[in-house]
Amino acid sequence: MKQHGSVFLLMVRSTFYKVLLLLGAATLAETAVFVAFCLRGPTAKGFGPELLLRQGRIAWIFGAVMVLMTLLLIRTGTEKGAKTGYTLRRLSVSERWVFFWQSAYNTLCYLLLWMWQVLTVMLLCAVYVHLAPAEYVTEQTVFLAFYRSDFLHALLPFEETALWVKNVLLVLSLGIASARYPMALRQGSKQQEISGACCAAIAFFVEEIGSVNGAISILISLITIGVSVYRAMDREAQYEKETA
């Protein structure tokens, strides 16, 4: 178990502080953009937190951060950078377990990104309530914004079970596919699953209420998870046979 703990801690030491820096920078950028639009005051298009989020392209920033996090996570375990691939080979842990622990760690990072963004938009809504003219603020302003904004509703779907399932599967598919990438590089096999997972997350995370895109996203996520796990286990068996 000590070796397994070392593998997980290696993942944490390799990227976690960079993940936190990335999330912190994203919050600063989103806050700066949101406040800038908020200080402009009401316009002909109206005035509300959902409008300011759309004008500030907050969803775009969130998508960019997801891509940057992915690029950061898939480097762990390759033969470049800090030589973590060499360190992993020195530990007496099979490739299968390395893949499992890296999948678990990466999934937690994507879950953190999701939860961090939820907290950030709540902060931005609190900023709106503080800065907006009194006539534009009611007790229901923030609550209604989460229904009027497709992005906010995607982040926090409330009672829409299908959207919760979609988000959880997106997080899992990104975590598993990003762990498969360095494993595939180490073993010289295909590693394109992460591309499909990222495209699905970018294309289908934000959707209108009642859209069929959620079902498409769920299907792509399930395929990505299945293909990644199958290739990881199949390649691991072949790798063990070749090195026996």
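First things first, this report covers the structure right here in the doc.

Each value, and the rule that gives it
Residues numbered from 1 in each chain as written. Predicted model: local features only at pLDDT ≥ 70, side-chain atom pairs only at ≥ 80, totals over all residues. Heavy atoms only, no water. Disulfide = S-S within 2.5 Å. Buried < 20%, exposed > 50% of the residue type's maximum accessible area, 1.4 Å probe, protein only. Helix = DSSP H or I, 4+ residues; strand = E, 2+ residues; numbered from the N terminus. Contact = heavy atoms within 4.5 Å. Phe/Tyr/Trp six-rings, centres within 6.5 Å; stacked < 30°, edge-to-face > 60°. Core = buried A, V, L, I, M, F, W, Y, C linked by side-chain atoms within 4.5 Å. Axes fitted to C-alpha atoms, helices over the stretch in contact; angles between N-to-C directions. Parallel < 35°, antiparallel > 145°, perpendicular 65-115°, else oblique. Left-handed = near helix turned anticlockwise from the far one by under 90°. Nonpolar A, V, L, I, M, F, W, Y, C, P; charged D, E, K, R; others polar. Patch = residues over 30% accessible without salt bridge, like charges linked within 9 Å, V, L, I, M, F, W, Y side chains within 5 Å. Areas by Shrake-Rupley, 256 points an atom, 1.4 Å probe, with all protein chains shown as cover. Salt bridge = Lys/Arg side-chain N within 4 Å of Asp/Glu carboxyl O.

Turning next to the state of the cysteines. Enumeration according to the criterion identifies zero disulfides in this entry. As a non-bridged cysteine, cysteine 198 has cysteine 199 as the owner of its nearest cysteine sulfur, 7.0 Å distant. Residue cysteine 198 is classed as buried on the basis of its relative accessible area of 14%.

Counting through the fold element by element, asparagine 167 comes out in helix α8 (residues 161-187). Discounting residues that sit within four places of it in the chain, asparagine 167 has contacts with Trp114, Ala154, Leu155, Pro157 and Phe205.

For the rest of this paragraph, the subject is the packing of aromatic side chains. Counted by the stated rule, this structure contains ten aromatic pairs. Plain terms: the ring middles of phenylalanine 143 and phenylalanine 158 are 5.8 Å apart, the flat faces sit at 50 degrees to each other, and that makes the pair tilted. Remark: phenylalanine 158 occurs in the loop between α7 (150-155) and α8 and phenylalanine 143 occurs in helix α6 (residues 141-148); sequence separation between them is 15 residues. Here phenylalanine 143 falls in the partly exposed class, since its relative accessible area comes to 42%. Between the aromatic rings of tyrosine 147 and phenylalanine 158, the centroid separation amounts to 5.5 Å while the plane-to-plane angle is 15 degrees, which identifies the pairing as stacked.

Most often, soluble globular proteins have nonpolar side chains that are buried together. Grouped together as the largest cluster of nonpolar side chains are 52 residues, with contacts concentrated most on Met69, Leu155 and Leu174. Of all elements in the fold, only α1 (2-39), α2 (49-55), α3 (58-73), α5 (95-131), α6, α7, α8 and α9 (193-204) reach the threshold of two or more residues within this core. The leading source of residues in this core is α5, at twelve residues. By size, the runner-up hydrophobic cluster in this structure holds seven residues, among which are Phe99, Leu169, Met183 and Ile225.

Here we take up the packing of α3 against α5. Their axes nearest at 11 Å, the elements α3 and α5 cross at an angle of 160 degrees. The orientation of α3 with respect to α5, classified from their angle, is roughly antiparallel. Between α3 and α5 the crossing geometry is right-handed. Where α3 approaches α5, its residues Ile58, Phe62, Val65, Met66, Met69, Thr70 and Leu73 are matched on the opposing element by Gln102, Tyr105, Asn106, Cys109, Tyr110, Leu113 and Gln117. Here the contact of α3 with α5 is composed, by residue class, of ten nonpolar, four polar and no charged.

Once that is clear, we can look at the packing of α5 against α8. The contact between α5 and α8 brings their axes to 8 Å, and the two run at 140 degrees. Put simply, α5 runs oblique to α8. Considering only the axes of α5 and α8, their crossing is right-handed. Grouping the constituent residues of the contact of α5 with α8 by class yields 14 nonpolar, eight polar and three charged.

Side chains of Val67, Leu68, Leu71 and Ile202 sit close together on the surface and give an oily, nonpolar patch of about 340 Å² of accessible area. Residue contributions to the nonpolar patch peak at three residues, all from α3. Tracing the backbone through its elements, the reader meets isoleucine 202 in helix α9. Isoleucine 202 sits in the exposed class, given a relative accessible area of 53%.

Let us now look at unusual backbone geometry. Residue arginine 57 is not a glycine yet carries a positive backbone phi of 55 degrees. Position of arginine 57 relative to the elements: it lies in the loop between α2 and α3. At phenylalanine 158, a residue that is not glycine, the phi angle is positive and equals roughly 55 degrees.

Relative to the elements of secondary structure, leucine 119 occurs in helix α5. By relative accessible area, leucine 119 is classed as exposed at 58%. Along the sequence, leucine 119 and threonine 27 sit 92 residues apart, while their C-alpha atoms lie 9.6 Å from each other.

Applying the stated criterion to the full structure yields three salt bridges. Between glutamate 193 and arginine 180 there is a salt bridge whose closest N-O contact spans 3.0 Å. Of this pair, glutamate 193 sits in helix α9 while arginine 180 sits in helix α8; the two residues are 13 residues apart in sequence, bridging distant segments of the chain. Relative accessible area serves as the criterion here: at 7%, glutamate 193 is assigned to the buried category. One salt bridge connects glutamate 193 with arginine 231, and the closest N-O pair in it is separated by 2.4 Å. Taken as a pair, glutamate 193 in helix α9 and arginine 231 in helix α10 (residues 213-243) lie far apart in primary sequence, 38 residues in all. A relative accessible area of 26% places arginine 231 in the partly exposed class. A single network of salt bridges, built from pairs that share partners, joins Arg180, Glu193 and Arg231.

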